[in-house]
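# Close look at the chain arrangement
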Amino acid sequence: MVKIFILTILTLSVLYSCQETPESDGFQEEFAEYVPDNNEVAFEQLIAEIELNDSLRIGQSLFYSKEGGSSVDVRIRVNDSGEMVKMREEYTVENSQSINKNTFYFSGKGMFASIELFEEGEGETAVYVERTTYYDKDEKPIITKKRQAEYEEELDFETFATVGKRSASYDRALAVLNQEGEYGTTFQGFVKEEPYLYIIVGENEENGYYSSLVVQYMTPLIKTLQENEKSMVGTPLQIVHETLDGEQGYEYQILMNVKRK
């Protein structure tokens with residue numbers, strides 16, 4: 001079971017661990033005719049129930065990016081028992097304009113389905129791929145199906161083909177949610193853009209992932225970080241934030257609270 005503990009409605013921490021490799025990695029897949037069975041219909045019904053449930057609480061990670069264009073953020077849906085039932089990871093890769101998505105669905109027994117959406121290939125040969133996998137109670141893949149199209153909006157008009165079983169990993173998504181590893185939140189400095197002051201947090205490595213937040217309250221810790229900015233770089237911080245909608249669909253992050261780890 002995957003349980004999460006929400007710090008605010010949009011800030012959270014998750015406990016769990018899991019498998020390997022999200023995206024396409026050159027694996028040669030053999031296509032076969034796809035014929036859905038009753039088990040798969042049951043999986044689709046579970047997914048539909050989650051998607052149509054408007055009582056689920058919402059959680060969102062920090063938005064991380066790095067030089068070169070890579071980025072990642074994660075959004076989740078949580079039931080009344082504090083169990084995560086849906087997790088969606090959106091990411092970009094260097095030198096690409098495409099937004100890739102991995103969506104994971106959970107029940108009390110763990111992940112039961114994953115849907116990966118990504119661009120495969122380069123230039124004129126690039127295609128959009130949708131790969132769906134259903135899992136047993138031990139999160140072992142039962143069946144994987146795949147469809148592809150030249151444009152993302154055309155995927156719904158394509159038919160699925162059965163391919164070799166593939167497990168989609170949510171390890172990275174959990175690290176993003178938990179602010180761990182290369183998505184850690186060490187202090188990296190301030191940026192002043194009138195009338196806002198931004199705090200920059202991220203991995204304490206050159207060209208690592210980072211996230212910027214608008215400072216809302218001038219707390220004693222914020223003052224200490226400002227007064228000793230250079231010497232405090234690399235200080236581990238615990239970030240509590242909210243993500244708000246701005247003008248023209250732009251989202252921005254508000255720092256609600258910050259503590260030393």
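Notes on the structure follow. Predicted model, so just to flag it, every value in this text is computed and none were measured.

### Observations regarding the layout of surface pockets
Roughly 470 Å³ of volume is contained in the largest pocket. Considering the residues around the largest pocket, the lining is formed by 25 residues, among which Phe 63, Ser 212, Tyr 250, Glu 251 and Gln 253 are closest to the centre. Taken together, the elements giving at least two residues each to the lining of the largest pocket come down to strand 6 (71–78), strand 7 (84–92), strand 13 (186–193), strand 14 (196–202), strand 15 (210–215) and strand 17 (251–260). In terms of residue count, strand 15 provides more of the lining of the largest pocket than any other element does, 5 residues in total. Of the residues contributing to the lining of the largest pocket, the split by class is 12 nonpolar, 8 polar and 5 charged.

### Thoughts on the pairing of strand 11 (residues 141–149)
Where burial is concerned, most of strand 11 is hidden: 7 out of the 9 residues are buried. Connecting the antiparallel pair strand 10 (residues 127–135) and strand 11 is a turn made up of 5 residues, with Glu 139 showing a positive phi of about 65 degrees. In the sheet, strand 11 pairs with strand 12 (residues 161–163) via 3 bridges, with the strands oriented antiparallel. Bridge assignment links Lys 145 to a residue of strand 12, and that residue is Thr 162.

### Notes on the pairing of strand 6
Of all 8 residues in strand 6, 6 are buried, a share of seventy percent or more. Pairing analysis gives 4 bridges linking strand 4 (residues 57–60) to strand 6, with the strands arranged antiparallel. Counterpart to Gln 60 in the pairing with strand 6 is Arg 75. Note: strand 5 (residues 64–65) against strand 6, 2 bridges, orientation antiparallel. Within the sheet, the bridge partner assigned to Tyr 64 lies in strand 6 and is Val 72. Hairpin connection from strand 5 to strand 6: 5 residues lie between these consecutive antiparallel strands, with Gly 68 at a positive phi of about 105 degrees. Connecting strand 6 to the antiparallel partner strand 7 that follows it, the hairpin turn spans 5 residues, and Gly 82 within it adopts a positive phi of roughly 80 degrees.

### Observations concerning a negative patch on the surface
Side chains of Glu 150, Glu 153, Glu 154 and Glu 158 sit close together on the surface and give a patch of like negative charge. By secondary structure assignment, the location of Glu 158 is in the loop between strand 11 and strand 12.

### Brief notes about the packing of aromatic side chains
How two aromatic rings sit relative to each other is set out by the distance from centre to centre and by the angle between their planes. Following the criterion strictly, the structure yields 9 aromatic pairs and no others. Here Phe 106 and Tyr 170 contribute two aromatic rings whose centre-to-centre distance is 5.2 Å and whose plane-to-plane angle is 80 degrees, an arrangement assigned as edge-to-face. With Phe 106 in strand 8 (residues 100–107) and Tyr 170 in the loop between strand 12 and helix 2 (171–178), this pair connects stretches of sequence that are 64 residues apart. Feature note: the residues Phe 43, Tyr 105, Phe 112 and Tyr 134 constitute an aromatic cluster, connected by ring pairs. Directly above the aromatic system of Tyr 91 lies the positively charged group of Arg 172, at a separation of 4.4 Å from the ring centroid.

Parameters at a glance
- Residue numbering note: each chain is counted from 1, following its sequence as written.
- Only residues with pLDDT of at least 70 get local features here, since the model is predicted, and only at 80 or more are side-chain atom pairs given and counted; chain-wide, interface and lining totals rely on the full set of residues.
- By convention in this description, side-chain values take in all heavy atoms of the structure and omit both hydrogens and water.
- Think of a 1 Å grid over the protein atoms and nothing else: a 1.4 Å probe that fits but is trapped marks a cavity, an open set flanked by protein within 12 Å on at least five of seven lines marks a pocket, and residues with an atom within 4 Å of a point count as lining.
- Grid points are joined across faces, edges and corners, and a volume is the space filled by probe spheres set on the points.
- Helix and strand assignments come from DSSP, with helices taken as H or I runs of at least 4 residues and strands as E runs of at least 2, each series counted from the N terminus.
- In this classification, Asp, Glu, Lys and Arg are treated as charged, Ala, Val, Leu, Ile, Met, Phe, Trp, Tyr, Cys and Pro as nonpolar, and every other residue, Gly included, as polar.
- Classification of residues uses two cut-offs on accessible area relative to the type maximum, computed with a 1.4 Å probe and protein chains only: under 20% is buried, over 50% is exposed, and between them is partly exposed.
- DSSP-based pairing: two strands are paired if at least 2 bridges between them are found.
- Here, patches come from residues exposed beyond 30% relative accessible area and free of salt bridges, joined within 9 Å for like charges and within 5 Å for nonpolar side chains (Val, Leu, Ile, Met, Phe, Trp, Tyr).
- Using the Shrake-Rupley algorithm and a 1.4 Å probe, accessible areas are obtained, with residue cover drawn only from the displayed protein chains.
- Salt bridges, as used here, are contacts in which a Lys or Arg side-chain nitrogen is within 4 Å of a carboxyl oxygen on Asp or Glu.
- Lys and Arg are tallied as positive, Asp and Glu as negative. Neither His nor the chain termini are counted.
- Taken as the charge location is NZ of Lys, CZ of Arg, CG of Asp or CD of Glu.
- Centres within 6.5 Å are what make two rings of Phe, Tyr or Trp a pair, Trp counting through its six-membered ring; a difference in plane orientation under 30 degrees is then read as stacked, over 60 as edge-to-face, and the rest as tilted.
- Throughout this description, the term charge over a ring refers to an Arg CZ or Lys NZ atom that lies within 6 Å of the ring centre and within 35 degrees of the ring normal.

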